[in-house]
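Listed below, chain by chain, are the residues.
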Amino acid sequence: MSRYCRVLVIDDEFITRQGIKHMLLWEQEGFQIVGEASNGQEGLEMIEKYQPEIVLADIVMPVLNGIDFSLILQEKYPDIKLIILSSYDNFEYVRTTLLNGAVDYVLKPTLNPEILLRALKKAARGIPGFQLDRKEKIDVSTQLERYLTGYSETLEEEGLKNCFPYLNCRILAADMKKACKNNRRQMEQLQEMIQDRLKKDGFDTYQALWLEQETLCYIINYKKKAEEELLLSIESSARRAGQIAEKILFVVSRPFTDFTYIKDIYEKGVKPCLQQKFYFNDKALIREEEYTAVEVQRFHYEKYTELLKQKQYSQALELFQKYIWYLAESKYDEYLSKNLLKNLLYNFLMEIEKYGVESDRLRGEFFRKIDQSESAEEYMEYCEGGAFARLREIVSGIENNSHSDPVVAQIKDYINEHYNEKLDLTDIAQEFGFNYHYISSYFNQHISEGFSGYLNTVRIEKSCDLLAETKMSISDISAAVGYSDHGYFCRIFRKLMGQTPSQYRHRKNSGGQRNEK
């Protein structure tokens, strides 16, 4: 017999599968990749469908690894030739697979076209009665796939003319991985439905391609007079597809007559549109001309940072909010827009954390809601009514509270905890990492009595509690609240309380009232 030798590639790394797929001109060598799988279990399911003669399988894979896969393959499909791919230069590591029937193993770090082809031909020679059917020319679908994915720089004009006899073409494409979440059965159902509809409506001149294993792409060739009928057929197919996969978004390109421009049309027109389900959530189909990628202006990070530094939080929030609306109106990339929002939120929350704001909890809540937003409407509704509303409320509280200065609040807390120790402004400056003169000036601006006055107030208040509630001697109380000089303690006490410590204790114990200053 003489035909292509069918090959299935199984590897959990997408980049490796793509590299193998484009390493050879498979049909020219008599081989054809009929499918790709990301693990052994998925590979076994695809064997049932595609019935390959050769399987290339990685030895280290999730779900079902290469060793277990080779054992099952030998038991269920003894005629299939298995070539093991290994990242490890250790014969013992792959010995089990060879005992399980693998015909060869290839080290991935050394994999190149020559080594791969030699292993494939060795496997093909082991198939009884099989003769490779080599072709000098590559078929059009392979040419187009390699050209659109950047693995080839040329297209064969003669082959294109034979496959596309009419003047006009359009590209119809959808991101199947995003829409179907790797549900292969659903992907196949959608593909069959689209093709059946096109054929039924008389548009059976097309090439179906799978680009990078996730984008289903049709290049449809048609007569100019059938333009409107084609668009109606595509719209009908897209509506039906939306019932099968809710997240599907088909993109139809503008018409073209020259294949010289097909790569530009796909890269600059179709591909950017495929990511726009976020902004076209209620549609299963958009035309390329409905979306125009715009070059957005950069955010004023410098101004934003300066506003935060100056504690002008309302202005910073307004600048931030306007830019997020601007990105949404520009239909800026969903992933990049969300990441920018989270980055700016992080900076904002870190800045206001000094005021006792629970930044970690808010950040977790904000980020989770942002990531869960599946449409621009849902996203902006949460931004405005959720994240920004909460931040405006917090900022309002900060800006309306004249005693909310975070540095002074931290210093007060420190004094209240360490009042009974030897404390001076030098200690405070070192503790908070400030210059002595700066912290002295800063404290005097925010506390009317200054540092010494505030420390004395705290100590005398604590001594009042001890005088009223304990039988400690006045000398011991003086030391307990941080005064090493008993006489100095009594002078400060009389100055602030209008009476001596003894008088205060006597009046408290006898139920009398202390004199006012």
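Above this note sits the structure.
Residues numbered from 1 in each chain as written. Predicted model: local features only at pLDDT ≥ 70, side-chain atom pairs only at ≥ 80, totals over all residues. Heavy atoms only, no water.

(A) Focus on the packing of aromatic side chains. All chains considered together, the criterion is met by 17 aromatic pairs. When the ring of Phe-299 is compared with that of Tyr-323, the centres are 5.0 Å apart and the planes differ by 55°; the resulting orientation is tilted. Taken as a pair, Phe-299 in the loop between strand S12 (285-287) and helix H13 (301-309) and Tyr-323 in helix H14 (residues 313-329) lie far apart in primary sequence, 24 residues in all. Here the two residues Phe-299 and Tyr-323 agree in accessibility, since each one is buried. Here the aromatic rings of Phe-493 and Tyr-504 are separated by 5.7 Å at their centres, their planes lie at 75°, and the arrangement is edge-to-face. Highlighted residues: Phe-493 in helix H23 (residues 486-497) and Tyr-504 in helix H24 (residues 501-510), separated in sequence by 11 residues. As far as burial versus exposure is concerned, Phe-493 and Tyr-504 are alike and both buried. (Phe/Tyr/Trp six-rings, centres within 6.5 Å; stacked < 30°, edge-to-face > 60°. Helix = DSSP H or I, 4+ residues; strand = E, 2+ residues; numbered from the N terminus. Buried < 20%, exposed > 50% of the residue type's maximum accessible area, 1.4 Å probe, protein only.)

(B) Examining the pairing of strand S8 (residues 168-175) more closely. By the criterion of burial, S8 is predominantly enclosed, with 8 of the 8 residues buried. Neither face of S8 is open: one carries Asn-168, Arg-170, Leu-172 and Ala-174, the other Cys-169, Ile-171, Ala-173 and Asp-175, and all of them are buried. Relative to strand S10 (residues 215-222), S8 runs antiparallel, the two sharing 8 bridges. Within S10, the position partnered with Cys-169 by the bridge is Asn-221. Of the pairings in the sheet, the one linking S8 to strand S11 (residues 250-252) comprises 3 bridges and is antiparallel in character. Paired with Leu-172 across the bridge in S11 is Val-252. (Pairing = 2+ DSSP bridges.)

(C) Summary view of the pattern of salt bridges. Counted under the stated rule, the structure contains 29 salt bridges. Across the pair Asp-264 and Lys-268 runs a salt bridge, and its minimum N-O distance is 3.8 Å. One end of the pair, Asp-264, and the other, Lys-268, are both in helix H12 (residues 262-274), 4 residues apart, so they sit about a helical turn from each other. Note on Asp-264: relative accessible area 39%, which makes it partly exposed. Overall, Lys-268 belongs to the exposed group, its relative accessible area being 63%. The network of salt bridges with common partners includes Arg-17, Lys-21, Glu-36 and Glu-145. (Salt bridge = Lys/Arg side-chain N within 4 Å of Asp/Glu carboxyl O.)

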